[in-house]
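Overview (structure and organization)
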Amino acid sequence: MHAKSTTRASLSLLLGTPVTDSKGNMRGRLKDVAVATGPAAGAVAGLVLKTKEGSRVVAADQVVQTPAGTLELRDDAVLQSLRGDENFLLLQQDLMDRQIIDVHGRKVVRVNDVDLNWHQDERLRVMEVEVGLRGAVRRMFKGVVPKTSLEGFARRFTPRVIPWEFVDVIEVDPARQVRLKIEHERLAQMHPSDIADILEELAPAEREAVFGSLDEEVAAEALEEVEPRLQKSLIESLDSGRVADIVEEMDPGAAADLLAELTDERSEAILEKMEPAERQEVEELLEFHEDSAAGRMTTEFVRVGADALVGDAVRALREFEGDLENVTEVYLTGDKNALAGVVPVARLAVSMPETRIAVLAEPRMIFCPVDAHQNYVAELFDKYNLHALPVVDSAGRMVGVVQADHVIAFLRER
């Protein structure tokens, strides 16, 4: 056989290559490359040929490359009909021009080409995915510029590639739809805003696939960052139980805003699947008008008694089950949860544990009633340079907190 040393080949230039038998008889042209999925992900399983009889697939180890650059079948090669339900990835059909996630670059990119290698064992292997201009140039000028010249010309452009082991397009369903499967460990390390940006850039099918692969906590954080117009579409493809698990991990205020956008029937079905405590919080918030302070607030905040010590407040912070990164103040409450004081968290860090927390409280409290309009809330944040604003009911009881990001979200919507 015509064994060659390791040589590189691009999918775009390899497609259309003549395929002959050992006697030089034309058997077809290369139409696609089939790549294995599952444990053998990335290994070339076979080559798809366009023949007079239609599409045929031949095992990768039954084909070799000749010195002339054509493909030659071994004497024992068997061509089989392509059924269409095989469990492998077709590079041209399923991957080329598709959107994939560059986890390291925290963005969505489009596949322009795929780089492969002919190894000394005469096996073709996938090396990396081209997502830059180099791959696009090859495809643009294929058939216009000779292959040998075109490859040299394309090499002038800086490559932008993703190694195959980082391309998480590894499962294909019988309908030939590529599903993106991203390792949770990689996504969990990304900021929710980056995940939200990726979801917004993806096409609908890929967006749903990626969102469906996230665990509840990561999905909840990302959903809070997604534009409101996409939140609804992201959960439409999920059953009520799965949505309930995600909503339980969300900030109660954000969860209420989301459910308020759904039909009453869908919203009620999700609420019924939620745990009683989380359901009650969200149901209470749903009663408020979305343009009010109560409609913008979260019910997750840190409170201690008015006679508490700094050590008590630090303990409360440690036991807080909400998003600790958003906590900028600890609130003092008296009888019947009446708001009695506000203490910046920074002051706790420089105080002795036995210090009475009341002496650290702000001399003036800025708060608002539950029915205050969101425009008034925004004015308070601007006027007093607030990080958070406590919300009280008609009896002066603290019921929630409007945080700076809630106001930013409102202003962006406006």
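Residues numbered from 1 in each chain as written. Predicted model: local features only at pLDDT ≥ 70, side-chain atom pairs only at ≥ 80, totals over all residues. Heavy atoms only, no water.

1. A short note on the sheet that holds strand β17 (residues 303-305)
Put simply, the test is: A pair of strands is treated as paired once DSSP finds two or more bridges between them. Every helix listed is a DSSP run of H or I at least four residues long, and every strand listed is a run of E at least two residues long, numbered separately from the N terminus. Where helices are involved, their axes are fitted lines through C-alpha atoms of the stretch in contact, as for all axes, and angles between N-to-C directions lie from 0 to 180°.
The strand order across the open sheet formed by three strands is β17-β18-β19, and the pairing between neighbours is mixed. The strands lining the two open edges of the sheet, one partner per strand, are β17 and β19 (339-344). Strand-to-strand, the axes of this sheet are offset by a mean angle of 30 degrees, without reference to chain direction. Relative to strand β18 (residues 329-333), β17 runs parallel, the two being bridged by three bridges. Residue pairing for β18: Arg-303 is matched across the bridge by Tyr-331.

2. Regarding the pattern of salt bridges
Definition in use: A side-chain nitrogen of Lys or Arg and a carboxyl oxygen of Asp or Glu constitute a salt bridge if their distance falls within 4 Å. Burial here depends on accessible area, computed with a 1.4 Å probe over protein chains only, as a share of the maximum for the residue type. Under 20% is buried, over 50% is exposed, and the range in between is partly exposed.
Overall, the coordinates contain eight salt bridges when judged by the stated rule. Of the charged contacts in the structure, one is a salt bridge between Asp-97 and Arg-139, with a shortest N-O distance of 2.9 Å. Of this pair, Asp-97 sits in the loop between α2 (91-95) and β10 (99-102) while Arg-139 is found in helix α3 (residues 133-141), placing the two residues 42 residues apart along the sequence. The class of Asp-97 is partly exposed, set by a relative accessible area of 37%. Of the charged contacts, one joins Glu-130 and Arg-138 as a salt bridge, the two residues approaching to 3.4 Å between their closest N and O atoms. Just as Glu-130 is buried, Arg-138 falls in that class too. One network of salt bridges, in which partners are shared, links Asp-113, Asp-115, Glu-130 and Arg-138.

3. A short note on the pairing of strand β13 (residues 124-130)
Across the seven residues of β13, five count as buried, placing the element largely inside the fold. Pairing geometry for strand β12 (residues 113-118) and β13, over six bridges, is antiparallel. Considered in β13, the bridge of Asp-115 is made with Glu-128. Where β13 lies against strand β14 (residues 161-163), three bridges are found, and the strand directions are antiparallel. When the sheet's bridge partners are listed, Glu-128 is paired in β14 with Pro-163.

4. Things to note about the sheet that holds strand β21 (residues 388-392)
Overall, mixed pairing links the three strands, which are arranged β20-β21-β22 in an open sheet. A single partner strand is all that each edge strand has here, and the edge strands are β20 (368-369) and β22 (398-403). When β21 meets β22, the two strands line up antiparallel, connected through five bridges. Counted as the bridge partner of Leu-389 is Val-402 from β22.

5. Description of the packing of helix α10 (residues 240-249) against helix α12 (residues 264-273)
Convention followed: For classification purposes, an angle smaller than 35 degrees is called roughly parallel, one larger than 145 roughly antiparallel, one from 65 to 115 roughly perpendicular, and anything else oblique. By definition, any crossing whose near helix is turned counterclockwise from its far helix by less than a right angle is left-handed, and any crossing with a clockwise turn is right-handed. By definition in these notes, contact holds between two residues if any of their heavy atoms fall within 4.5 Å. Under the convention adopted here, Pro, Cys and the residues Ala, Val, Leu, Ile, Met, Phe, Trp and Tyr are nonpolar, Asp, Glu, Lys and Arg are charged, and Gly plus all remaining residues are polar.
Here α10 crosses α12 at 70 degrees, and the two axes come no closer than 8 Å. The orientation of α10 with respect to α12, classified from their angle, is roughly perpendicular. α12 is crossed by α10, and the crossing has right-handed handedness. Packed against α10, whose contacting residues are Ser-240, Gly-241, Val-243, Ala-244, Val-247 and Glu-248, the element α12 presents Arg-266, Ala-269, Ile-270 and Lys-273 at the interface. Its residues placed into classes, the contact of α10 with α12 shows five nonpolar, two polar and three charged.

6. Comments concerning unusual backbone geometry
The backbone of Lys-336 shows a phi angle near 55 degrees, a positive value even though the residue is not glycine. We classify Lys-336 as exposed; its relative accessible area is 71%. Positive phi is not limited to glycine here, since Asn-385 has a value of about 55 degrees. According to the relative accessible area criterion, Asn-385 is exposed, its value standing at 62%.

7. Re the pairing of β21
In terms of burial, β21 is a largely internal element, five of the five residues being buried. Sheet topology places β20 next to β21; two bridges connect them, and they run parallel. By the bridge assignment for β21, Pro-369 is matched with Val-392. Taking the residues between adjacent antiparallel strands as the criterion, β21 and β22 are bridged by five residues, where Gly-396 takes a positive phi near 85 degrees.

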